[in-house]
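Topology and contacts: notes
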Amino acid sequence: MTTEAPSGGPRRTSLATKDAILVAARERFAADGYERATIRAIARDAGIDPSMVMRYFGNKEGLFAAASAIDLRIPKSDTLPVESLGEALVAHFLDRWESDDVLTALLRVGVTNAAGAERVQAIFAEQLVAVAAGVTPDPDEAPRRAALAASQILGMAMARYVLRFPPAVALTREEVIGWLGPTLQRYLTAEGP
């Protein structure tokens, strides 16, 4: 199936149209946040009629869910040395936050919107719990330990990339890893209290 391209240009496939909508939605959610982003603005950015957004994604919540389907690309716990897992995870998340504005936008939306909060919860539950399950002394504690690790990762992301607290922004990469790495390590691998 093809759709009319903007200004009567060449037609694009439904897959290309859907991809254009997702790109525009990610950029608009990152720039405006969930509440201020509109279907009309996203459609304009994608060069399509707003009805096409509704056709592919149903509503704003459906579009947001699709646009925020993020693979954190967390390395599998069995590929990392257990003794430095905390530091490796902090370094990984610093790389991700610094190279992907969609993650920052998702965090902003997660703080201000129930659908965004559910999306952040789902992403971290699906992806970080698997890491915790592979290294914790008691796999039944994996969700709790992943939540503790997420509190540190998301807390630093909020302070450094969203609220931009000057002391958090001023920390070097090595300092962030040095401070947070041992905490994540303890949360994920130490015997519980």
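Here the structure is shown first, and the text comes after it.
Summary of the structure given here. (Residues numbered from 1 in each chain as written. Predicted model: local features only at pLDDT ≥ 70, side-chain atom pairs only at ≥ 80, totals over all residues. Heavy atoms only, no water.)

**Observations concerning the overall build of the protein**
Helix and strand counts for the protein stand at 10 helices and 2 strands. Secondary structure elements in the protein, listed N-terminal to C-terminal, are β-β-α-α-α-α-α-α-α-α-α-α. With respect to the principal axes defined by its C-alpha atoms, the protein has extents near 65 × 35 × 30 Å. Taking all 193 residues of the protein together, the buried fraction comes to 46%. (Helix = DSSP H or I, 4+ residues; strand = E, 2+ residues; numbered from the N terminus. Buried < 20%, exposed > 50% of the residue type's maximum accessible area, 1.4 Å probe, protein only.)

**Examining helix 5 (residues 85–99)**
The terminal C-alpha atoms of helix 5 lie 21 Å apart, and with 15 residues this matches the ideal 21 Å at 1.5 Å per residue to within 8%. Listing the buried residues of helix 5 in full gives Leu85, Gly86, Leu89, Val90, Ala91, His92, Phe93, Leu94, Arg96 and Trp97. (Expected span 1.5 Å × (residues − 1).)

**Quick look at the nonpolar core**
Formed by 61 residues in total, the largest nonpolar core has its most connected members in Ile21, Phe29, Leu63, Trp97 and Phe124. Contact partners of Phe124, with chain neighbours within four places excluded, come to Leu72, Phe93, Val129, Ala150, Ile153 and Leu154. (Core = buried A, V, L, I, M, F, W, Y, C linked by side-chain atoms within 4.5 Å. Contact = heavy atoms within 4.5 Å.)

**Some remarks on the side chain of Gln185**
With respect to the element layout, Gln185 can be found in helix 10 (residues 173–189). Judged by its relative accessible area of 15%, Gln185 is buried. With residues up to four places along the chain from it excluded, the contact list for Gln185 reads Val82, Glu83, Ser84, Leu85, Gly86 and Ala190.

**Concerning unusual backbone geometry**
Positive phi outside glycine occurs at Arg73, with the angle close to 55 degrees. The backbone phi angle of Arg164 is positive, close to 55 degrees, even though this residue is not glycine. In this structure, Arg164 sits in the loop between helix 8 (142–162) and helix 9 (166–170). Since its relative accessible area comes to 49%, Arg164 is described here as partly exposed.

**Regarding the side chain of Arg145**
Inspection of the secondary structure puts Arg145 in helix 8. Taking the relative accessible area as the measure of exposure, Arg145 reaches 6% and is therefore buried. Of note is the side chain of Arg145, whose polar atom sits 2.8 Å from the side chain of Glu141. If near-sequence neighbours (up to four positions away) are discounted, Arg145 is found in contact with Thr136, Pro137, Arg186, Tyr187, Leu188, Thr189, Ala190, Glu191 and Gly192. (Polar contact = N/O pair within 3.5 Å; in protein donor to acceptor, adjacent residues only side chain to side chain.)

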